[in-house]
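Summary of the model geometry
The chain contents come next:
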Amino acid sequence: MSIYETLNPEQQKGVFTTEGPVLILAGAGSGKTRVLTHRVAYLIQQKGVAPYNIMAITFTNKAAGEMRERIDDMIGFGAERIWVSTFHSSCVRILRQFADRLGYDNRFTIYDSDDQKSLMKDICKRLEIDTKIHKEKAFLSVISSAKDELISPEEFAQSAVGDFDKTRQAEVYREYQARLKANNAMDFDDLIMKTVELLKYDTEVRNYYQERFHYIMVDEYQDTNTAQFELVRLLASGRENLCVVGDDDQSIYKFRGANIYNILNFEKHYPNATVIKLEQNYRSTGNILNAANGVIANNVGRKAKRLWTQADEGEKIYFEQFESAYEEADYIAKDIAKRVRKGEYAYGDCAVLYRTNAQSRLLEERLLLSGIPYKIVGGVNFYGRKEIKDLLSYLKVVDNAQDDLAVQRIINVPKRGIGATSMSKAADYAYMNGMQLFEALEQVENIPTMGRAAAKIIPFVELIYQFRRVAANEGVSALLQHIIDATGYVEELRVEGTDEAKARIENIDELLSKVVTYEQENEEPTLSGFLEEVALVADIDSLDENASYVVLMTLHSAKGLEFPNVYLAGMEDGLFPSYMSITADNSDEEIEEERRLCYVGITRAKEHLSITGARMRMVRGETQYHGISRFVKEIPEELLQGSTWEPKPRDERMFSNPAPTKTSMKATPLAAQTYQAKNFGTKIQKNSLDYGEGDRVKHIKFGEGTVVQINDGGRDFEVTVEFDTAGRKKMFASFAKLQKV
DNA sequence: GGTTTGAAACTTTTT
DNA sequence: GTTTCAAACC
């Protein structure tokens with residue numbers, strides 16, 4: 001029996017239709033990855049296509065890795081010659097080869113959003129723009145959108161004529177781009193845009209890649225932006241053996257420039273396209289699927305389709321609205337613990353999904369208290385940590401002397417007595433003479449305004465020279481170790497001795513082992529190669545599905561994943577859909593995007609789905625009151641169990657408005673449902689302390705300790721605790737949430 | 001030049 | 001509730 005017989009007829013069609021443009025509309029859980037991997041196998045085994053001629057593009061490294069692994073299993077030898085990678089790494093690979101044709105050095109640096117922000121800050125200073133009025137972030141977002149649409153600084157300036165604000169943006173954009181180039185750096189958007197430029201204007205390069213890639217496949221096509229569309233179009237032009245897979249109902253990255261019309265209008269771009277719909281779902285139970293269908297049916301402007309399954313109805317969806325976010329988190333933690341205890345699920349089968357990263361804190365607290373192993377995806381990226389960025393900046397300076405930003409970052413880390421004044425003198429001198437910062441530092445004795453600081457700068461320059469000599473003779477890991485030793489970075493942390501410093505050292509150790517892994521896994525490890533790999537990883541890439549912990553993440557991060565037991569937390573109007581989307585000018589569109597996000601969330605669940613919300617929740621230190629998310633009300637009622645959204649008896653002192661009934665809620669304008677009340681619910685129960693001086697207590701972060709002193713601070717008690725490991729801390733009783741042991 | 005302190009902004013989502 | 005950033009102080 002051939003491997004293709006296990007596929008359903010539509011999936012087979014997707015595999016066997018190899019020539020010409022193909023659009024596969026693949027609903028959630030319809031086996032699109034199976035189709036893509038089988039398609040690759042079919043091309044190689046049945047059509048005799050060389051692996052070398054096949055390209056598959058995804059959005060995350062994780063997706064690319066999984067696809068590569070599955071293809072490896074199917075065809076074995078030769079699979080490594082296929083290009084399976086993300087948009088960004090594909091582009092870097094092309095640019096490392098040909099960036100010199102655009103006037104860059106092929107060893108360019110990749111700037112992350114932190115780097116972008118520092119650069120922008122500097123530019124605003126140079127252009128004398130008051131960042132109190134015009135935010136750096138606003139400029140960056142304008143520039144990013146322009147790049148997504150392939151609008152160059154020059155074109156932007158032309159379209160800005162007569163518009164004062166836009167003219168200023170154009171100037172910033174031009175300067176920003178000039179500085180990136182001077183620093184021999186590209187931001188994320190540049191990676192795509194510059195590759196498109198290269199393919200568009202350099203016939204030789206275009207021909208080279210068009211000759212190379214005979215068959216191109218793109219995953220998650222609904223999330224491509226204009227630049228990515230153009231990139232794919234250029235690579236595929238000629239043969240046009242282009243197969244795109246996507247689901248318009250799962251398009252959730254509009255804010256990042258994703259153009260939903262890329263998928264909706266695919267048949268217009270390619271009139272001879274074959275369109276295949278995968279509507280059979282192999283993931284979820286009937287109830288979960290019907291809930292998802294019920295919600296998404298409220299969107300207009302989508303391709304008609306309806307997912308179905310052969311699976312049983314399964315359990316009903318559990319829904320409950322809690323009084324506070326605290327109780328909600330408590331319920332989720334207890335429910336997970338209960339199900340694991342009963343042997344129903346392992347920790348690794350459970351995922352908690354939410355709209356915003358900020359929601360993770362409460363959940364984390366409860367899980368920690370219940371002793372449930374968990375992992376939070378997103379939030380602070382490993383490579384975003386200070387100590388990691390510092391060390392990476394050393395590597396960057398060694399690799400690319402033009403990277404002013406990296407020089408700026410490390411010149412006084414660890415402290416060398418080179419302060420802001422000296423650095424701005426050096427930066428001004430470099431700016432005046434059209435040289436890079438490091439060049440200016442190399443000839444610091446020529447900087448007239450520089451006084452005694454010069455004596456401190458010379459050893460720094462020498463240090464970098466020394467690192468370069470090491471880099472020339474030894475591997476990346478040896479270089480990094482040398483940098484750590486020579487700068488005394490870890491030593492300084494060790495002397496500090498605090499828990500935070502210890503955590504930093506651990507992170508640095510992890511960085512070292514990542515370098516070693518990189519060296520082992522690559523045939524030709526290089527410093528640039530390592531830095532590139534580091535720049536392009538996303539947090540989700542590190543997720544291991546077989547691990548035994550509960551996963552907490554945003555709905556966005558959850559796309560493409562599946563779990564037997566899923567919790568959708570914070571299903572409240574004003575949080576999800578977000579207040580921003582409800583009040584936006586184009587509210588209808590924004591709400592539809594949120595609804596797609598909800599659809600993504602529901603369809604992550606295989607067997608069991610719990611939907612929860614809270615009436616009361618702290619947002620930015622302010623207590624807010626929310627009604628139940630409108631999306632919950634779009635789920636057919638017969639699919640739900642648990643408490644429905646009938647209002648519960650409520651505390652009259654807290655709510656002066658009459659409780660909305662089920663029918664009146666639908667009619668009530670939103671503003672009435674989502675109101676804020678300052679200082680409500682934050683009153684402290686002053687007599688509620690169940691511990692006293694001398695008692696043993698437990699704190700979430702600091703562990704156990706002894707209460708030394710309790711002071712009546714008026715509105716709250718101020719408690720001093722001597723912790724066994726963390727030392728003496730003073731804290732307010734209402735915040736510390738100490739527990740008597 | 002470095003450290004401390006207080007105010008202000010922040011949160012929608014990220015390759 | 002947390003983080004970031006500037007001013008004031010050492």
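Residues numbered from 1 in each chain as written. Chains lettered and ligands numbered in written order. Predicted model: local features only at pLDDT ≥ 70, side-chain atom pairs only at ≥ 80, totals over all residues. Heavy atoms only, no water.

**Observations regarding the environment of E320**
We apply this condition: Secondary structure elements follow DSSP: runs of H or I of four or more residues count as helices, runs of E of two or more count as strands, with numbering from the N terminus. Whenever two N or O atoms come within 3.5 Å, that pair is a polar contact, provided that in protein one can donate a hydrogen and the other can accept it, and provided that, for residues adjacent in sequence, both atoms are side-chain atoms.
Along the chain, the position of E320 falls in strand β9 (residues 317-324). The spacing of E320 and M571 is 251 residues in sequence and 9.8 Å in space, taken between C-alpha atoms. Within polar-contact distance, the side chain of E320 engages the side chain of Y318 at 2.4 Å.

**With respect to the environment of Y345**
By secondary structure assignment, the location of Y345 is in the loop between α15 (325-341) and β10 (350-354). Along the chain, Y345 and R39 lie 306 residues apart, while their C-alpha atoms are 34 Å from each other. Within the structure, Y345 has its side chain in polar contact with the side chain of E607 (distance 2.9 Å).

**Structural notes on the packing of helix α5 (residues 113-126) against helix α6 (residues 136-148)**
So the rule is basically this: In this analysis, axes come from line fits to C-alpha atoms, helices being fitted only over the stretch in contact, and the angle between any two N-to-C directions falls in the range 0 to 180 degrees. Angles are sorted into four bins: roughly parallel if under 35 degrees, roughly antiparallel if over 145, roughly perpendicular if 65 to 115, and oblique for all others. A crossing counts as left-handed when the near helix is turned anticlockwise from the far one by less than a right angle, and as right-handed when that turn is clockwise. Whether two residues touch is decided by their heavy atoms; if any such pair falls within 4.5 Å, the residues are in contact. Only Asp, Glu, Lys and Arg are considered charged, only Ala, Val, Leu, Ile, Met, Phe, Trp, Tyr, Cys and Pro nonpolar, and every remaining residue, Gly among them, polar.
Running from N to C, α5 and α6 point in directions that differ by 110°, and their axes come no closer than 9 Å. Classified by the angle their axes make, α5 and α6 are roughly perpendicular. For the pair α5 and α6, the crossing hand works out as right-handed. Taking contact as the criterion, the partners of Q116, K117, M120, K121 and C124 in α5 are, on α6, E136, F139, L140 and I143. Class assignment of the residues belonging to the contact of α5 with α6 gives a composition of five nonpolar, one polar and three charged.

**Observations regarding the protein's contact with DNA strand B**
Quick note on the threshold: We call a residue near a molecule or strand as soon as one heavy atom of that residue lies within 4 Å of the molecule or strand.
The local shell around DNA strand B holds 24 residues, among which F59, K137, R256, R355 and M580 are the closest. Within 4 Å of the protein, atoms of DNA strand B come from sugar and phosphate in 62% of cases. In the environment of DNA strand B, a sugar or linking oxygen lies 2.4 Å from a nitrogen or oxygen atom belonging to the backbone of F59. Of all elements in the fold, only α19 (420-432) and α26 (555-558) reach the threshold of two or more residues within the surface near DNA strand B. Considered class by class, the residues forming the surface near DNA strand B number six nonpolar, eleven polar and seven charged.

**Section: a negative patch on the surface**
Here is the rule: Each patch is assembled from residues with relative accessible area greater than 30% and no salt bridge, linking like charges that lie within 9 Å and nonpolar side chains (Val, Leu, Ile, Met, Phe, Trp, Tyr) that lie within 5 Å. The accessible surface values rely on the Shrake-Rupley method and a 1.4 Å probe; as for residues, cover is taken only from the protein chains in view. Here, a salt bridge means any Lys or Arg side-chain nitrogen found within 4 Å of an Asp or Glu carboxyl oxygen. Under the counting rule used here, the positive set is Lys and Arg, the negative set is Asp and Glu, and His together with the chain ends is not counted. In plain terms, the charge of a residue is placed at NZ if it is Lys, CZ if Arg, CG if Asp and CD if Glu.
A cluster of acidic side chains, namely E69, D72, D73, E80, E523 and E524, defines a negative patch on the protein surface. In this fold, D72 is placed in helix α3 (residues 61-75).

**A few points about the state of the cysteines**
What counts is decided by this rule: Pairs of cysteine sulfur atoms within 2.5 Å are what we label disulfides.
Evaluated as defined, the whole model comprises zero disulfides. Free of any disulfide, C91 has its nearest cysteine sulfur in C243, 19 Å distant.

**Looking at the sheet that holds strand β8 (residues 274-278)**
The condition is simple: The pairing criterion is simple: DSSP has to find at least two bridges between the two strands.
The strand order across the open sheet built from six strands is β3-β2-β6-β7-β1-β8, with neighbouring strands paired in parallel fashion. Each edge of the open sheet is held by one strand with a lone partner, namely β3 (83-86) and β8. For this sheet, the mean inter-axis angle between neighbouring strands, taken without regard to orientation, is 15°. Pairing analysis gives three bridges linking strand β6 (residues 215-218) to strand β7 (residues 242-246), with the strands arranged parallel. Residue pairing in the sheet places V218 in a bridge with V244 of β7. Together, β2 (54-58), β3 and β6 form the strand contacts of helix α4 (residues 87-98), whose direction differs from that of β3 by roughly 115°. Contacting β2, β6 and β7, helix α11 (residues 226-236) runs over the sheet at an angle of about 165° to β6.

**Here's the deal with a positive patch on the surface**
The test is simple: Exposure classes here rest on a 1.4 Å probe applied to the protein chains alone. A residue is buried below 20% of its type maximum, exposed above 50%, and partly exposed in between.
A cluster of basic residues, K117, K121, K125 and K137, forms a positive patch on the protein surface. When residues of the positive patch are assigned to their parent elements, the largest contribution, three residues, is made by α5. Structurally, K125 is set in helix α5. Overall, K125 belongs to the exposed group, its relative accessible area being 64%.

**Comments concerning the packing of aromatic side chains**
Working definition: an aromatic ring pair is given by the centre-to-centre distance plus the angle between the planes. For clarity, the cut-off: For Phe, Tyr and Trp, where Trp contributes only its six-membered ring, two rings pair if their centres lie within 6.5 Å, and the inter-plane angle classes them as stacked under 30 degrees, edge-to-face over 60, or tilted in between.
Under the criterion given, the structure shown has 21 aromatic pairs. Ring geometry for F322 versus Y331: centroids 5.3 Å apart, planes at 35°, classification tilted. For the pair F322 and Y331, a shared accessibility class is recorded, and that class is buried. Measuring from centroid to centroid gives 6.4 Å for F438 and Y465, while their planes differ by 85°, and the two rings are edge-to-face. Of this pair, F438 sits in helix α20 (residues 437-442) while Y465 sits in helix α21 (residues 454-473); the two residues are 27 residues apart in sequence, bridging distant segments of the chain. Its relative accessible area of 29% is what places Y465 among the partly exposed residues.

**Things to note about the pattern of salt bridges**
Overall, the coordinates contain 47 salt bridges when judged by the stated rule. Across the pair D115 and K389 runs a salt bridge, and its minimum N-O distance is 3.2 Å. You can see D115 sitting in helix α5 and its partner K389 sitting in helix α17 (residues 386-399), a full 274 residues away along the chain. Residue D115 is classed as buried on the basis of its relative accessible area, which comes to 9%. With its nearest N and O atoms 3.3 Å apart, the salt bridge here joins K606 to E562. Of this pair, K606 sits in strand β14 (residues 605-619) while E562 sits in the loop between α26 and β13 (563-568), placing them 44 residues apart in sequence.

**Some words on the environment of R620**
Checked against the element boundaries, R620 lands in the loop between β14 and β15 (622-625). Judged by relative accessible area, R620 falls into the exposed class, the value being 83%. In the structure, R620 is positioned 262 residues away from A358 in sequence and 9.0 Å away in space, judged by C-alpha atoms.

**Thoughts on the confidence of the model for chain A**
Selection rule: As a per-residue measure, pLDDT reflects the predictor's confidence and takes values from 0 up to 100.
For chain A, the average pLDDT comes to 85, and 89% of its residues sit at 70 or higher. pLDDT under 50 marks residues 645-687. Its contacts with residues more than four places away, or in other chains, come to 67 contacts.

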